[in-house]
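Here is what each chain is made of, one letter per residue.
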Protein chains: 4
Amino acid sequence: MIHSFNPQLYYHTMGQHPAVLMVQDGDTVITTTVDARGWDEKGESAAARGNPMTGPFYVEGALPGDTLAVRFESITPNRDWAWTTNMLAPAVIDPAVAASLPASEIVHWTVDVAQGVAYLKEPTPGLAKLKLPLRPFLGCFGVAPSKGQFISTATSGEYGGNMDYKGLIAGTTVYFPVSAEGALFYLGDGHALQGDGEIMGTGLEISMDVQFTVSVQKGKTISWPRGQTDTHWFCIGNARPLDQALQHATTEMFRLLQEDCGLTSSEASLLLGQAVEYEIANMFNPAYSVVCKLPKSVLSSL
Amino acid sequence: MIHSFNPQLYYHTMGQHPAVLMVQDGDTVITTTVDARGWDEKGESAAARGNPMTGPFYVEGALPGDTLAVRFESITPNRDWAWTTNMLAPAVIDPAVAASLPASEIVHWTVDVAQGVAYLKEPTPGLAKLKLPLRPFLGCFGVAPSKGQFISTATSGEYGGNMDYKGLIAGTTVYFPVSAEGALFYLGDGHALQGDGEIMGTGLEISMDVQFTVSVQKGKTISWPRGQTDTHWFCIGNARPLDQALQHATTEMFRLLQEDCGLTSSEASLLLGQAVEYEIANMFNPAYSVVCKLPKSVLSSL
Amino acid sequence: MIHSFNPQLYYHTMGQHPAVLMVQDGDTVITTTVDARGWDEKGESAAARGNPMTGPFYVEGALPGDTLAVRFESITPNRDWAWTTNMLAPAVIDPAVAASLPASEIVHWTVDVAQGVAYLKEPTPGLAKLKLPLRPFLGCFGVAPSKGQFISTATSGEYGGNMDYKGLIAGTTVYFPVSAEGALFYLGDGHALQGDGEIMGTGLEISMDVQFTVSVQKGKTISWPRGQTDTHWFCIGNARPLDQALQHATTEMFRLLQEDCGLTSSEASLLLGQAVEYEIANMFNPAYSVVCKLPKSVLSSL
Amino acid sequence: MIHSFNPQLYYHTMGQHPAVLMVQDGDTVITTTVDARGWDEKGESAAARGNPMTGPFYVEGALPGDTLAVRFESITPNRDWAWTTNMLAPAVIDPAVAASLPASEIVHWTVDVAQGVAYLKEPTPGLAKLKLPLRPFLGCFGVAPSKGQFISTATSGEYGGNMDYKGLIAGTTVYFPVSAEGALFYLGDGHALQGDGEIMGTGLEISMDVQFTVSVQKGKTISWPRGQTDTHWFCIGNARPLDQALQHATTEMFRLLQEDCGLTSSEASLLLGQAVEYEIANMFNPAYSVVCKLPKSVLSSL
């Protein structure tokens, strides 16, 4: 079944808020998200700033200990402009250089979905010709966290959240550990494109039209968000500092190889040691995010 | 001029050791390196373990404050086997899981240079069909460090060293800040292939035939190793933890964009924020290594 | 007014749960806490494990932007035994050594409040004579966090929480930033004594009789928990890794010296640089805790 | 035997430089050190800046694998002024606050050895009455590092170096792992006093008269600097970030308790868990330093 859902309210924490819609295992939802400051497709303020979320969607049959799979069929900017900051975040540069920089300001970009590119609305001379290809994704999505917690959409954890991983584009399926009845799926914080690490603290912040399909993997238990694209399996670790985020992501992939692929700890180590890829998703949010990836071509060759 | 150099001794520190060869700006050197344990192309022990280095090569005209460019024309395994460990390093997984793993052991791989693949000599069932493409590079190379220091080839710094970055394959040019007269270039620690992060603490450790060409950029001063491939510019930061390695790499790229490309701090931020790519080179050595990259296609479009 | 409060239920998150008692600015509360596993003064299970909290107490007049002061008049073990683990946590030792250790087990201690000492119930030969002085404190307490969050009592933040700081003994006054109407004060996780860092992951875990007095500082805004003892002012930072916890604590003390003592940034730096003291409260919980201290004798000499 | 040694040259790296004096096991040396910028007791420049070292002293009989004990009988400022910076280092405060601070400048202090106090030469109003008690110690000392390395006196490691630990006052005995024939002991970088963490990047930098006595513990092997005062045993870990420095220090103390005191891993854990104390020695240098301490009173009670 396909649901068209028009959000009326937005949450700034992920937790066991009342569901805005009940859906079945296998259902598809078509909905919209506002941008990180709560501005919608018309540029009007629909919610307070700070990653307001569409949802939560209650998925029938999802119980703690299960896994929720979310496949994104489409993530499309629904307006023709985005905003970013314009100065690197202090955390990503040497402290003495960080101290020398001017304050960050908001700048606006034109987002041309038809052409698939973005460019600065008022470029300075050095970037007068800059055109970057769109690669729309959602910065923040996930399920209700464990232990009845309600956690700010500024951060992330085992339940997903504000991971700001540029790889989570349409066509990707993401898996979350379910900690609450119905899983309670939230989504928002669209970016028309972004570099690794979200090192200015923003991607091209924009409102989105989104279509996704949920399914429940009964009795399948995972510890951190996992996912697959056409080419890769991946696991996401969210923590500070980067070292620990990487540890979580690698540990989850190590588990995947042993539990799902039947490798021994030595085999999983040998494979990861020589074939692993990492991406730094964000080094800006309260929890940083690191992605541990393995090419499907390597796995299928086994 | 092309020099064929057959190493007779190997150093385990990078510093102002006596030069083994004097070369001119623009000269090419053809030489060999032994593997991380000192085993040469015949599998004989030619040096003590611990990243023994070929060199140092004294480059005429290189003085502190200059930059040394090293272009690798070829890096080719010169024997048909390599070795690795077989268990993930404790630093890359959650401590409780690390504590549950068996001790790491040495395993051997067949390296078929003609076919361009490597596979385990005695594979266990789960990896019976594993064949990985070769991607040979040098794990450890660089110049004499600043302040008259002699630093173990176990680690790395502004001068290069044991960075274990899998991207440093033939065709790459790497730039180092010169801190001693003649720069004093060292190289070794060949890997037939490796995943990101060197997360088992080893790539496919192997001896190499290497050809490289040096050139001096007079009066050009950089702070960290930089480089270019056909597709990217990159800067390498070496430090613990990952956060700080990333800060160094990003700061150096930020400087490159301002000093070499004439961008303002805001323009450099906007560009990096939306187009930067990172690679985690190693999270095993005393200093971790992170690589900050920017596609040449983006830079050339400006 | 003095309230005697006998808890009937316990929360495992800190957030805007319904208050168990409304108190006035200046009121005193006499109550009890169960231990980290929910065992009460009789050794009976009164709550699920995981730092069950007594409270929340609603303090009339406390509003977001105010500061809540809590003075502990007494914190006294109300049973004659405590438990700990018996093996260092992996995070506090080198990974290779951590991997070599046996699994941690629970051991029991005799707590003699009259004599003011604790000793192992079944000591092994090496610790047969060990007697340690009691120094009872609460490991976890604080107020409802900001943004409507409900956060597990496993961790800590600006609102306090599971800081496990051994300095928070009777006689101490602690200040919290108020983020919810009534502040909503929680307390629990008593330790009869503990070393720095909570490096086994436990202090001598025990149930407590507690007496405390609350007061509201209207319009006084702070960012992190602060406190005072007879001898020191202190600020607590909670984060990972230790570096960041120390940054938060130092920043808060820096602010205190400027805002409350009228020093310039240079004066505050000079004073802190030569007189600051740090304590590592915990390096075990999801957020580590570092305490930045300044002797009152130094401040009063100005 | 007592040697009076008047230094004529100073080194800025610790390594196997030619010894300036050969001494016997048990000998005492009376000498002087210049300050971190190379200024001597007359305020004249005797060496380039950057922690110039007196030494190295060759101790007869000390071989790799032994331990060198150095007992400081006296460390006394030999001039009446010191200098510091005047602004907190960026690493110890939140990045946004760090970015808001003015640049650090040098300020001068009067050091009154007879009265045992220091105060600003030109105090601003807020610190007009500030007088701090002297607590003279050496910021940088140690032995030649392993593997033939020569390492800058800006940093520290297993061999000691620039630890900037305020606890290393006269009366303390410090133990170092010997890595070179004769141990090769260096010393310098005196501080008339300093807070924890060296958080401005300087203590009260000053030249010193020093008397110390060396002894060799044959066949005793340690991994990190250890020491004892009248009241405590301690171990120092030097690394970035703080977490890892703490891990090294704790691991060394854990080893001390097992190897020297005969405790099991569980006994050592129980003791450390409830009685350990930490100090943050420096969070400014390339390697941070954390000290793990245990009261002698606890150890002697066993």
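Residue numbers run consecutively from 1 along every chain, following the written order of its sequence. Both sets of labels track the order of writing: A upward for chains, 1 upward for ligands. This being a predicted model, a pLDDT of at least 70 is required before a residue's local features are given, and a value of 80 or more before pairs of side-chain atoms are given or counted; all residues contribute to the totals for chains, interfaces and linings. With hydrogens and water set aside, each side-chain value is computed from the structure's full complement of heavy atoms.

The fit set for superposing copies consists of C-alpha atoms from residues with pLDDT of at least 70 in both; the fit itself is least squares. Turning chain B through 180° and shifting it by 0.0 Å along the axis lays it on chain A, with an RMSD of 0.0 Å. When the rotation and shift are considered jointly, the pair of chain copies conforms to a two-fold rotation axis. For chain B, the smallest separation between a C-alpha atom and the rotation axis is recorded for Leu 242 of chain B, amounting to 3.0 Å. Should any heavy atoms of two residues lie within 4.5 Å, those residues are considered in contact. The share of interface residues of chain B whose copies in chain A are also at the interface is 100%, consistent with both copies meeting through the same surface.

Contact with chain B, which involves 63 residues of that partner, is made by 63 residues of chain A. Between chain B and chain A, roughly 5100 Å² of surface is buried when both sides are summed, and carbon and sulfur atoms account for 65% of that area. Salt bridge criterion: a side-chain nitrogen from Lys or Arg within 4 Å of a carboxyl oxygen from Asp or Glu. On the surface where chain B and chain A come into contact, there are zero salt bridges. In the analysis that follows, any N or O atom pair within 3.5 Å is treated as a polar contact, provided that within protein one partner can donate a hydrogen and the other can accept it, and provided that, for residues neighboring in sequence, both atoms belong to side chains. In this assembly, chain B and chain A are joined by 26 residue pairs in polar contact (both at pLDDT 80 or more). Secondary structure elements are defined from DSSP: runs of H or I of at least 4 residues count as helices, runs of E of at least 2 residues count as strands, and each element is numbered from the N terminus. Every element with two or more residues in the side of chain B that touches chain A is listed here: helix 1 (95-98), strand 8 (107-112), helix 2 (242-259), helix 3 (265-275), strand 20 (277-282) and helix 4 (296-301) of chain B. In terms of residues, the side of chain B that touches chain A owes the most to one element, helix 3 of chain B, which gives ten residues. Taken together, the residues that form the side of chain B that touches chain A break down as 37 nonpolar, 19 polar and seven charged. Accessible surface is computed with a 1.4 Å probe, and the buried area is the amount of it that two parts give up when combined, taken over both parts together. Here the term charged refers only to Asp, Glu, Lys and Arg, the term nonpolar to Ala, Val, Leu, Ile, Met, Phe, Trp, Tyr, Cys and Pro, and the term polar to all other amino acids, Gly among them.

All names here are of chain A. Under the domain assignment, chain A is made up of domain 1 (2-81 + 134-217) and domain 2 (226-301). For the domains described, the bounds stem from an automatic or database domain assignment. Spacing between the C-alpha centres of domain 1 and domain 2 amounts to 22 Å. Taken residue by residue, the interface counts 21 residues in domain 1 and 20 residues in domain 2. With both sides pooled, the region where domain 1 packs onto domain 2 buries about 1600 Å², and carbon together with sulfur makes up 51% of that total. For the domain 1 face of the interface with domain 2, the top three residues by lost area are Met 163, Tyr 165 and Tyr 175, together amounting to 36%. Taken together, the links from domain 1 to domain 2 amount to zero salt bridges. Where domain 1 touches domain 2, the interface holds twelve residue pairs in polar contact (both at pLDDT 80 or more). Of all the secondary structure elements, the ones that give two or more residues to the side of domain 1 that touches domain 2 are strand 13 (156-157), strand 14 (160-162) and strand 15 (173-177).

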